[in-house]
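Summary of the model geometry
For reference, the chains in residue letters:
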Amino acid sequence: MSRIVIAGGNILEGEVNVNGAKNAVLPILAATILNGGINVIHNCPELKDVSASLQILEFLGCEVKRQGKTIIVDSSNIKDYRVPEQLMREMRSSVIFLGSIISKCRKAVLSYPGGCEIGPRPIDLHLKALRQLGIKINEAHGYIYCDAARIDANDINLNFPSVGATENIILAAVMANGTTIIRNVAKEPEIVDLQDYLNAMGAKISGAGTSVIKIEGVEKLHDVEHTVIPDRIEGSTYLAAAAITGGTVKITNVNPEHLQAVLAALRECGCKIYVEKNTITLSRTSTLQPVDVIRTLPYPGFPTDMQAPMMSVLTLARGTSIISETIFENRFKHVEELMRMGADIMVDGRVAVIRGVEKLTGANVNAMDLRGGAALVIAGLAAEGSTVIEGVHHIDRGYEKIEDKLRLLGADIKRVD
Ligand code: EPZ
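What comes next concerns the included structure. From a predicted model like this one, the values you see are computed outputs, not experimental measurements.

Another aspect to go through is the site of the ligand. Taken together, 24 residues are adjacent to the ligand, and Asp-124, Leu-125, Ser-162, Asp-305 and Ile-327 come closest. Note that a nitrogen atom of the ligand is positioned 2.7 Å from one of the side-chain N or O atoms of Asp-124. Side-chain polar atom of Ser-162 to an oxygen atom of the ligand: 2.7 Å apart, as the coordinates give it. Summarising the interface, the protein chains cover 87% of the accessible area of the ligand, which totals 830 Å² for the free molecule. Of all the secondary structure elements, the ones that give two or more residues to the shell around the ligand are helix H1 (22-31), helix H5 (124-132), helix H6 (163-173) and helix H12 (370-382). Grouping the constituent residues of the shell around the ligand by class yields 10 nonpolar, 6 polar and 8 charged. Residues from two domains meet in the shell around the ligand; each of domain 1 (3-19 + 230-416) and domain 2 (22-227) gives at least three.

The structure is reproduced here in structure tokens:
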């Protein structure tokens, strides 16, 4: 298993290009089933989670090919409506295939996605909403069996603005009979990107990015070409890396509008932020300041995916910060590992109190999940001495060549197989 080894202390300087958004391309790949034709998708990152989705598409009968950052999916010969357990276990967010397979095949059998490192990841909101569209769903033997002779539009209210549930309902309703309204939906930019993709296919969807989405069912969908939006979490992660080392880093090919909550927190830490049309430059020359409270919230609030990377930055602030993780049940697994590096953090339920320390020291640490792993890399960049990070496969799920990009910025970092 690979490890990442970092000799901390270098100041990051330079430019880093941000890839297409993992959490936009995953639902878009699920949507390629719907048009029974050609899907050309540009700006696709090379990530394990993307490869897992491509494996599912091929299993279902699609022809898939990658040309650099472009993925071409031909879904004209779908021959199955089942996703086997080992593919579902590869990536729990494969539950997003439920809506698109039902839409296209009117049947679907998926193994239960199960939990992951950050919590049980239930799908009750997905299933409740799909049942409201007239879809018959049985759960047995760890599988979800779905049947939909018809899919009838409905007026659906989500108890929580779940990203995945919002996406699954859109995918299931796009060719339903009638017009579906979904209220209290997730407003993430990735939902807007899915709407744009489907509308480019001939769907009639409006309201993504607001709390209410309207989907007018259509009969047919056609070939499509689309460019995926930039990854706001990858971009934010590199800004956090510059914040902790005290350098000047420019991230390019981003949409600054998507990072506003993170930029606000970084400014509160004492970073200078300069925003242009599709670039953001962060520099920190003064002492890192604490942030009173960071509360993770649905978009446009502070993103839960940046909770761990931001915590690493705050371990070296001149004072005490509080982080409240309101989205996931168990997303503090990086805390123990940061404490091995000398951080002073106290966790009480979903609240972490971070008392700034003078320095972090390099240590052997374990990445337990994707963003927690990124947090350990960020801490290692500033720690005194060498940090060895195990569990790099978690990090590779969401960051393309993280060590290469950081080395280009001046970090002393390498991957050891
Ligand atoms: C998406 O996960 C993202 N994944 C996550 O990113 C992200 O952290 C999350 O949204 C929140 O922004 C992808 O887009 C592939 P949710 P998702 O449904 O859809 C509870 C990363 O690091 N819930 O909004 O699973 C759930 O348990 C990943 O890139 C229910 O209770 O998130 C959680 O506590 C991690 N019942 C909360 O809602 C349901 O039916 C948020 O979940 C669904 C969700």
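Once you've had a look at it, read on.
Among the secondary structure elements, His-226 is positioned in strand E14 (residues 224-227). Relative accessible area serves as the criterion here: at 10%, His-226 is assigned to the buried category. What His-226 contacts, discounting residues up to four positions off in sequence, is Ile-28, Val-40, Ile-41, His-42, Asp-193, Asp-196 and Tyr-197.

Inspection of the secondary structure puts His-334 in helix H11 (residues 334-340). When neighbours within four sequence positions are excluded, His-334 is seen to be in contact with Gln-307, Ala-308, Met-311, Gly-372 and Leu-376.

It is worth spelling out the sheet that holds strand E19 (residues 320-325) at this point. Here we have 4 strands laid out as an open sheet, ordered E18-E19-E21-E20, and mixed in their pairing. The open sheet has two edge strands with one neighbour each: strand E18 (293-296) and strand E20 (344-348). Shown here is a sheet whose adjacent strand axes are inclined to one another by a mean of 15°, direction ignored. With 5 bridges connecting them, E20 and strand E21 (residues 351-355) associate as antiparallel partners. Among the inter-strand pairings, Val-347 is bridged to a residue of E21, identified as Ala-352. Of the strands in this sheet, E18, E19, E20 and E21 are in contact with helix H10 (residues 307-314), which crosses E19 at around 170°.

Glancing now at the environment of Ala-165. Topologically, Ala-165 is positioned in helix H6. With residues up to four places along the chain from it excluded, the contact list for Ala-165 reads Leu-125, His-126 and Leu-158.

In this structure the tally under the stated criterion is 20 salt bridges. Note that Arg-131 is salt-bridged to Glu-139, the shortest N-O span being 3.3 Å. Classification of Arg-131 by relative accessible area gives partly exposed; the value is 38%. Given a relative accessible area of 42%, Glu-139 falls into the partly exposed group. Here Arg-407 and Asp-404 are joined by a salt bridge, their closest N and O atoms 3.3 Å apart. With a gap of 3 residues between them, Arg-407 and Asp-404 both fall in helix H14 (residues 402-408), about one helical turn apart.

Another point: the packing of helix H4 (residues 97-105) against H6. A pair of packed helices is captured by two measures, namely the crossing angle of their axes and the spacing between those axes. The contact between H4 and H6 brings their axes to 7 Å, and the two run at 5°. Taken together, the axis directions place H4 and H6 in an arrangement best described as roughly parallel. In this structure, H4 uses Leu-98, Gly-99, Ser-100 and Ser-103 to contact H6, whose residues at the interface are Asn-168, Leu-171 and Ala-172. Class assignment for the residues of the contact of H4 with H6 results in 3 nonpolar, 4 polar and no charged.

Cut-offs used in this document
- Residues numbered from 1 in each chain as written.
- Predicted model: local features only at pLDDT ≥ 70, side-chain atom pairs only at ≥ 80, totals over all residues.
- Heavy atoms only, no water.
- Near = heavy atom within 4 Å.
- Polar contact = N/O pair within 3.5 Å; in protein donor to acceptor, adjacent residues only side chain to side chain.
- Areas by Shrake-Rupley, 256 points an atom, 1.4 Å probe, with all protein chains shown as cover.
- Helix = DSSP H or I, 4+ residues; strand = E, 2+ residues; numbered from the N terminus.
- Nonpolar A, V, L, I, M, F, W, Y, C, P; charged D, E, K, R; others polar.
- Domains from an automatic or database assignment.
- Buried < 20%, exposed > 50% of the residue type's maximum accessible area, 1.4 Å probe, protein only.
- Contact = heavy atoms within 4.5 Å.
- Pairing = 2+ DSSP bridges.
- Axes fitted to C-alpha atoms, helices over the stretch in contact; angles between N-to-C directions.
- Salt bridge = Lys/Arg side-chain N within 4 Å of Asp/Glu carboxyl O.
- Parallel < 35°, antiparallel > 145°, perpendicular 65-115°, else oblique.

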